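Descriptive structure summary
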Amino acid sequence: MTLTMDCYTTHDYRESMIYHSVSSHVNALKPLIQEGDKKIINIHVSTRELPNDGENNPDFICAMSIFGENGWEQYARTEVSWQNKFHEWVRPFTITYDPNGLHLLHFDLYQITSDLFSLQHQKLVGNCEIDISTLINHKDRCIIVPISPIGADGNTFKAEERYELTIKYSEIDLSIFGSFFLKASFVSTKSSHHFIKPHIFFTVERDGIPFYMSNALKLQSRVDFEPFEMIQQFACGKDKTSPVTFFIHKRTSTVETIGTCTTSIDELTKQSETKLEVKDANMKTIGILGISFIGKVDSPRIDDIRLRGISVQAIYALDFSSGPNSCDAYRTVLNEVGDGLCSLTQCKPYHAFGFGVLNENIKQNLFSILKFTKVKLHGSLYCLSSELRIY
């Protein structure tokens, strides 16, 4: 089975993304519907070591396909799990489950070998299939499925090691909406003897399912992470007292968990700052994780809107009337807004529209943006390969 998407470049597959944060959000190709017996669920995947070609870093992504009227159709992808022996992806697959329908799911595991978005440029290392009813009917909401390794010739083979994909699901409650905004810092109480300081980051889990991974920063006596948003739907649901666990990780050539602490959204939002003692596997304190509560938004967020069947697509409209003096401003807007909306639109190509009148004397190439998106051709906007040119 060969499944592809549009081929354009993206920051998501660049190794620099190893230091960026990842949030759990609605990840679906099609509008979601919850009516009658139908319900919306999130599917979460994880796996331990995967087959590696030995030439590239152990960076992997999981793509899920669904079986429909036209056969197999690629539905969504996780983020890339970088240089990790245990791949626990934060981004789930969000689908509408109809108990009266046919739900065959196919999972492909790819090793990242290129920054091109098309999976044809990545190395397929394994796959597996399930009937979703098997997962839904399991009392633990979790099943473990054998992965069939894929060889260089594209065929499956019997490997000496056994590879497995752990698949879990969680239900969506449409009566819940809103977000919490927080900021975290880590103060180490353990002296570091590393000649080269590692990067550290943290992940947050609920019921064994991760829903946020922070940005990664060099380990110092104090590390201040970027502010982050916790969607209530994913962070705690209706029960703000349910436990959430913070895992502190160290990244060198691989990722190692160095400490944990457990709290709840209720505790984190009762006061402006909460200090949590982080302990290692031997229950020794290695540092203090400080969580500052910035505020809460009770109105629906974009993910809450998308869960109610509304699709989100980025569209740009640029006014060229100001001429070449505005080139830098156009460049900044396209890059900043485009990168910000990338995850919300599932890295789909952007629609761009240009308007305004340019003097005949300056109808020339004003500037060129090496933007990692594919922009559709409209008016005076042209896309040459992955390079957006404004004329």
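What counts, and where the lines are drawn
- Residues numbered from 1 in each chain as written.
- Predicted model: local features only at pLDDT ≥ 70, side-chain atom pairs only at ≥ 80, totals over all residues.
- Heavy atoms only, no water.
- Helix = DSSP H or I, 4+ residues; strand = E, 2+ residues; numbered from the N terminus.
- Contact = heavy atoms within 4.5 Å.
- Areas by Shrake-Rupley, 256 points an atom, 1.4 Å probe, with all protein chains shown as cover.
- Core = buried A, V, L, I, M, F, W, Y, C linked by side-chain atoms within 4.5 Å.
- Buried < 20%, exposed > 50% of the residue type's maximum accessible area, 1.4 Å probe, protein only.
- Pairing = 2+ DSSP bridges.
- pLDDT = per-residue confidence, 0-100.
- Salt bridge = Lys/Arg side-chain N within 4 Å of Asp/Glu carboxyl O.
- Phe/Tyr/Trp six-rings, centres within 6.5 Å; stacked < 30°, edge-to-face > 60°.
- Polar contact = N/O pair within 3.5 Å; in protein donor to acceptor, adjacent residues only side chain to side chain.

Section: the overall build of the chain
Looking only at helices and strands, the chain has five helices and 26 strands in total. For the chain, contacts bridging at least 24 residues in sequence account for 67% of all contacts bridging at least 6. For the chain, the exposed surface amounts to about 19,000 Å²; the carbon and sulfur share of it is 49%.

Let's talk about the nonpolar core
Note on soluble globular proteins: their nonpolar side chains tend to be buried together. Counting 65 residues, the largest nonpolar core has Ile 43, Phe 107, Ile 167, Met 230, Phe 246 and Leu 289 as the members making the most contacts within it. What Phe 246 contacts, discounting residues up to four positions off in sequence, is Phe 202, Thr 203, Val 204, Met 230, Gly 259, Thr 260, Cys 261, Thr 263, Leu 268, Leu 276, Leu 289 and Ile 291. Listed in part, the eleven residues of the second largest apolar core include Ala 63, Val 80, Trp 82 and Ile 112.

With respect to the pairing of strand S12 (residues 179–188)
Along any regular strand the residues' side chains alternate between the sheet's two faces. Of the strand pairs in this sheet, S12 and strand S17 (residues 228–231) are connected by four bridges, and their pairing is antiparallel. Each residue of the ladder has a partner; that of Leu 182, found in S17, is Phe 228. Pairing of S12 with strand S21 (residues 285–297), which is carried by ten bridges, proceeds in the antiparallel orientation. What sits directly across from Val 187, in S21, is Ile 288. Bridge analysis of S12 against strand S16 (residues 222–224) gives three bridges, and the strand direction is antiparallel.

As for the confidence of the model for the chain
The pLDDT averaged across the chain works out to 80; a share of 73% of its residues lies at or above 70. Low pLDDT, under 50, characterises residues 1–7; the stretch is placed with 22 contacts to residues that sit more than four places away or in other chains.

Considering the sheet that holds strand S3 (residues 60–68)
One open sheet accounts for five strands, arranged S4-S3-S7-S8-S10; its pairing is antiparallel. The open sheet has two edge strands, strand S4 (71–77) and strand S10 (148–149), and neither has a second partner.

Observations concerning the pairing of strand S8 (residues 123–131)
Relative to S8, strand S7 (residues 104–111) runs antiparallel, the two being bridged by eight bridges. Each residue of the ladder has a partner; that of Leu 104, found in S8, is Asp 131. Taken together, the two bridges between S8 and S10 define a ladder with antiparallel strand orientation. The residue bridging Asn 127 from the neighbouring strand is Ser 148, located in S10.

Description of the pattern of salt bridges
One side chain can pair with another of opposite charge once the charged atoms of both are near each other. On inspection of all chains with the given rule, the structure shows 14 salt bridges. The salt bridge partner of Arg 14 is Asp 115, with a shortest N-O separation of 3.2 Å. Here Arg 14, found in the segment before strand S1 (22–23), pairs with Asp 115, found in the loop between S7 and S8; they are 101 residues apart in sequence, far enough to count as distant. Overall, the relative accessible area of 32% leaves Arg 14 in the partly exposed class.

A few points about the packing of aromatic side chains
All chains considered together, the criterion is met by seven aromatic pairs. Arranged with centres 5.0 Å apart and planes meeting at 85 degrees, the rings of Phe 202 and Phe 225 form a pair that is edge-to-face. Placement of Phe 202 in strand S13 (residues 199–206) and of Phe 225 in the loop between S16 and S17 is noted, with a sequence separation of 23 residues between them. Judged by its relative accessible area of 0%, Phe 202 is buried. Aromatic side chains Phe 202 and Phe 246 sit 5.8 Å apart centroid to centroid with 45 degrees between the ring planes, which places their arrangement in the tilted category. One end of the pair, Phe 202, is in strand S13; the other, Phe 246, is in strand S18 (residues 243–251), with 44 residues separating them in the sequence.

Describing the side chain of Thr 78
Mapping Thr 78 onto the fold places it in the loop between S4 and strand S5 (87–88). Looking at Thr 78, its side chain comes within polar contact range of the side chain of Trp 89, at 3.4 Å. Once residues lying within four places of it in the same chain are set aside, the contact partners of Thr 78 are Asn 27, Val 45, Ile 61, Cys 62, Trp 89, Arg 91 and Phe 93.

As for unusual backbone geometry
Of note, the phi angle at Asp 207 is positive, near 55 degrees, even though the residue is not glycine. Judged by relative accessible area, which is 64%, Asp 207 ranks as exposed. Of note in the backbone geometry, Met 283 takes a positive phi value of approximately 65 degrees without being a glycine. Looking at where Met 283 falls in the secondary structure, it is placed in the loop between strand S20 (273–279) and S21. Relative accessible area serves as the criterion here: at 57%, Met 283 is assigned to the exposed category.

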